[in-house]
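Observations on the three-dimensional arrangement
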Amino acid sequence: MNNGKICVSVCAETVNEFIEKIEQAAKNADVVELRFDCINAEEFDCLKIKKLDLVLSQIFKAKTDKPLLSTFRPKEQGGKRKLSEQERLNFWNMGYDSCWADLEPDVFENSLYWLYQPRICSHHDFSGTPKNLTQIYNQLKSIDCVDIIKIAVQADDVIDGLALMKLLERAKAENRELIPIAMGESGVWTRILGLARGAFMTFASLDEESATAPGQLTAQEMIDVYRVKELDETSEIYGLVAESVAYSVSPQMHNAAFKFHKMNAVYVPFAVKNLEEFIRRMVNPKTREIDWNFRGFSITIPHKIEIMKYLDFVDETARKIGAVNTVKIEGDKLLGFNTDADGFIEPLKNAYGDLNGARVAVFGAGGAARACVYALQRENANVTVFARNSEKAKSLVVDFGVETQDLQSQIEPLKNFDVIVNATPLGMKKGGLENETPATAEQLKGVGLVYDLVYNPFETRLMREAFSVFAPTIGGLAMLVAQAAAQQKIWTGKDAPVKEMSAAALRKLQS
Ligand code: NAP
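Here we summarise the structure given alongside this text.

This next bit is on the overall build of the chain. When helices and strands are counted, the chain shows 18 helices and 20 strands. The principal-axis extent of the C-alpha atoms belonging to the chain is close to 80 × 50 × 40 Å. The burial tally for the chain puts 57% of its 511 residues in the buried class. Across the chain, the fraction of contacts at a sequence separation of at least 24, relative to all contacts at a separation of at least 6, is 67%. Surface accessibility of the chain: about 21,700 Å² in total, with carbon and sulfur atoms responsible for 48%. For the chain, the separation between the mean place of its 60 positive charges and that of its 69 negative charges on side chains is 1 Å.

This is how it looks when you write it as structure tokens:
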């Protein structure tokens with residue numbers, strides 16, 4: 001539990017829209033931010049003070065008992081419109097009782113700032129994370145009558161947020177209230193963990209469409225998925241390490257499991273470009289620069305192979321597959337595992353039964369295909385890999401001794417196979433592949449079972465082709481949940497609540 005607040009930003013074009021959104025936002029918010037720079041020109045003519053006054057007084061009649069925070073941000077600080085200094089001073093000098101204010105340093109000193117309480121003084125940088133963050137903090141701190149300092153900077157890599165978290169430590173030591181935000185996908189972790197580490201407030205959006213800054217999560221997600229207000233400095237931290245984390249449903253699954261077990265733990269997306277620097281400065285207990293209870297992470301594209309260099313131990317399954325998807329931090333050691341093989345085979349055995357001697361065709365020769373081949377051979381299945389890349393196909397022949405066929409040439413009907421596995425991205429929602437399939441209904445006639453590892457969409461084109469010839473199917477969600485459940489077991493030693501994890505993933509996929 002922490003004392004931090006969730007502020008929901010409301011950006012509306014008209015007075016009525018503003019009032020409606022304030023009332024919606026107040027349901028999840030501790031504070032509602034009114035982005036007055038969003039109002040359209042007709043309703044908000046900054047030069048006609050009387051009219052402006054009227055507009056604002058209507059908005060402040062919105063029915064809510066939550067504090068309202070006024071913001072009137074110029075374009076260069078991330079606002080919606082160009083505003084002259086005079087326009088901004090006119091706005092702030094009107095003042096509203098019991099209203100919070102977020103002012104930029106240049107208008108702070110010249111405006112009637114004392115009309116507002118409390119007063120946030122903020123600095124935004126959308127071009128990157130400046131090297132002189134401490135200097136910026138000192139400048140804002142030196143302005144008289146600033147109650148809360150807000151520094152929001154764009155993060156290009158996960159490590160950029162580290163400087164902000166260090167600044168937060170300093171602010172705490174000096175008894176200053178700070179709102180540190182790293183914007184963008186790489187900074188999401190600072191939005192989630194900030195409150196637990198003593199930040200005064202974190203910002204969230206009303207819904208997915210109305211984020212007012214890059215990387216902003218919805219207030220609902222902050223509360224229901226990440227439970228940001230329940231976290232503290234002792235919370236166990238787990239996460240997803242990948243170059244792109246935006247489309248993942250792993251946070252939904254793992255956080256559902258922690259919630260089910262009532263654990264003081266959270267699973268956070270870490271969008272990582274430079275893996276070496278992330279491991280050295282944020283993860284490895286021997287070298288990291290942040291004091292936190294980091295316990296483990298899932299790791300995926302493109303870091304599954306590189307991570308092996310930084311580990312103290314890699315288990316046999318991961319070594320044989322040649323990739324790690326799970327890291328556990330135990331004491332000061334980093335231990336690597338691969339749960340894709342178990343996650344893949346469990347739903348298949350449940351649906352098909354004994355795989356001994358089964359003839360299985362695997363489409364694709366990437367990381368997932370390697371895990372499938374390893375798991376199938378463990379069950380004594382006969383595997384043929386269909387690959388378009390001859391180098392990758394060769395490495396599967398060398399490492400696993402499988403037969404391979406060229407995926408690009410016209411493939412024969414597949415009726416001689418008991419099981420077909422799609423381990424390519426064909427059929428995925430992302431990347432315009434949704435209408436693609438590695439095999440048609442005609443080719444699938446007589447096949448015993450079709451297993452598509454693609455999980456988004458929930459029902460793929462390949463599965464529909466299989467339905468039409470009455471071939472049973474398994475979708476990718478089953479593997480996704482099973483491999484995540486195996487990760488939970490490695491990290492916590494507990495049996496994972498598979499039903500809850502599956503429902504959480506499905507909710508996100510269907511949203
Ligand atoms: P990967 O390492 O990038 O491998 C992808 C494989 O598919 C490569 O062999 C690639 O060939 C081939 N491929 C890519 N585009 C293709 C196309 N248009 N036509 C034919 N082949 C193509 O990816 P991965 O990690 O193995 O993942 C593969 C799929 O499995 C993805 O859809 C992923 O979402 C899914 N998956 C699901 C789960 C789950 O839990 N359900 C887990 C892991 C993966 P090249 O080498 O020639 O590019």
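Below, the discussion takes up the environment of valine 383. Among the structural elements, valine 383 can be located in strand β16 (residues 382–387). Separated by 11 residues in the primary sequence, valine 383 and cysteine 372 have C-alpha atoms spaced 9.5 Å apart. When sequence neighbours within four positions are dropped, the list of residues in contact with valine 383 reads Val360, Val362, Val373, Leu376, Gln377, Val402 and Glu403.

Of all residues adjacent to the ligand, which total 20 residues, the nearest are Ala365, Ala368, Arg388, Lys392 and Leu453. A distance of 2.8 Å separates an oxygen atom of the ligand from a polar atom in the side chain of arginine 388. Contact between the ligand and glycine 476: a nitrogen atom at 3.0 Å from a main-chain N or O atom of the residue. Protein contact buries 78% of the 920 Å² of open area that the ligand shows by itself.

On to the sheet that holds strand β18 (residues 419–422), then. Picture the strands of a sheet paired through backbone hydrogen bonds; they go either parallel or antiparallel. Sheet architecture is open: six strands sit in the order β17-β16-β15-β18-β19-β20, paired in parallel fashion. Whereas interior strands pair on both sides, the edge strands pair on one side only; in this sheet they are β17 (403–406) and β20 (473–474). With five bridges joining them, strand β15 (residues 359–363) and β16 adopt parallel strand pairing. Within the sheet, the bridge partner assigned to phenylalanine 363 lies in β16 and is phenylalanine 386.

This paragraph deals with the packing of helix α17 (residues 476–492) against helix α18 (residues 498–509). In the contact formed by α17 and α18, the axes pass within 10 Å of each other and the chain directions differ by 130°. With respect to their mutual orientation, α17 and α18 come out oblique. Handedness of the crossing formed by α17 with α18: right-handed. Packed against α17, whose contacting residues are Leu477, Val481, Ala484, Ala485 and Gln488, the element α18 presents Val498, Met501, Ser502, Ala505, Leu506 and Leu509 at the interface. For the contact of α17 with α18, the residue count by class is nine nonpolar, two polar and no charged.

Per the counting criterion, the structure on display carries one disulfide. Through a disulfide, cysteine 11 is tied to cysteine 38; the S-S separation comes to 1.8 Å. Between cysteine 11 and cysteine 38 the sulfur-sulfur dihedral comes to about -95°; the bridge is accordingly left-handed. Linking cysteine 11 in the loop between β1 (5–10) and α1 (15–25) with cysteine 38 in the loop between β2 (31–35) and α2 (49–59), this pair joins segments that are 27 residues apart in sequence. Distance from the sulfur of cysteine 121, which forms no disulfide, to the nearest cysteine sulfur (cysteine 145) is 11 Å. Judged by its relative accessible area of 38%, cysteine 145 falls in the partly exposed class.

In terms of nonpolar packing, the biggest core is built from 96 residues, with Phe36, Ile151, Trp189, Phe270, Phe278 and Ile307 touching the most fellow members. Examining the composition of this core, we find that six residues originate from one element, helix α6 (residues 160–173), more than from any other. Here phenylalanine 36 is in contact with Phe18, Phe44, Leu56, Ile59, Phe60, Ser70, Thr71, Phe72 and Phe91, once residues within four sequence places are set aside.

Attention now goes to the sheet that holds strand β9 (residues 236–242). With mixed pairing, the six strands of this open sheet are ordered in space as β10-β9-β11-β13-β14-β12. Here the strands that pair on one side only, and so sit at the sheet edges, are β10 (265–271) and β12 (313–314). Pairing analysis gives five bridges linking strand β13 (residues 326–330) to strand β14 (residues 333–337), with the strands arranged antiparallel. When the bridges of β14 are listed, isoleucine 329 appears paired with leucine 334. Across the sheet, α17 touches β9, β10, β11 (294–299), β13 and β14, and the angle it forms with β13 is around 10°.

Another aspect to go through is the environment of phenylalanine 294. One can find phenylalanine 294 in strand β11. What makes phenylalanine 294 buried here is its relative accessible area of 2%. Sequence-wise, phenylalanine 294 and glutamate 236 are 58 residues apart; in three dimensions their C-alpha atoms are separated by 6.0 Å. The residues touching phenylalanine 294, leaving out its near neighbours within four places in the chain, are Ile237, Tyr238, Gly239, Phe270, Phe278, Met282, Val283, Arg288 and Ile329.

Basis of the calculations
- Residues numbered from 1 in each chain as written.
- Predicted model: local features only at pLDDT ≥ 70, side-chain atom pairs only at ≥ 80, totals over all residues.
- Heavy atoms only, no water.
- Helix = DSSP H or I, 4+ residues; strand = E, 2+ residues; numbered from the N terminus.
- Buried < 20%, exposed > 50% of the residue type's maximum accessible area, 1.4 Å probe, protein only.
- Contact = heavy atoms within 4.5 Å.
- Areas by Shrake-Rupley, 256 points an atom, 1.4 Å probe, with all protein chains shown as cover.
- Lys, Arg positive; Asp, Glu negative; His and termini not counted.
- Charge placed at Lys NZ, Arg CZ, Asp CG, Glu CD.
- Near = heavy atom within 4 Å.
- Polar contact = N/O pair within 3.5 Å; in protein donor to acceptor, adjacent residues only side chain to side chain.
- Pairing = 2+ DSSP bridges.
- Axes fitted to C-alpha atoms, helices over the stretch in contact; angles between N-to-C directions.
- Parallel < 35°, antiparallel > 145°, perpendicular 65-115°, else oblique.
- Left-handed = near helix turned anticlockwise from the far one by under 90°.
- Nonpolar A, V, L, I, M, F, W, Y, C, P; charged D, E, K, R; others polar.
- Disulfide = S-S within 2.5 Å.
- Core = buried A, V, L, I, M, F, W, Y, C linked by side-chain atoms within 4.5 Å.

None of this, on its own, says anything about what the molecule does.
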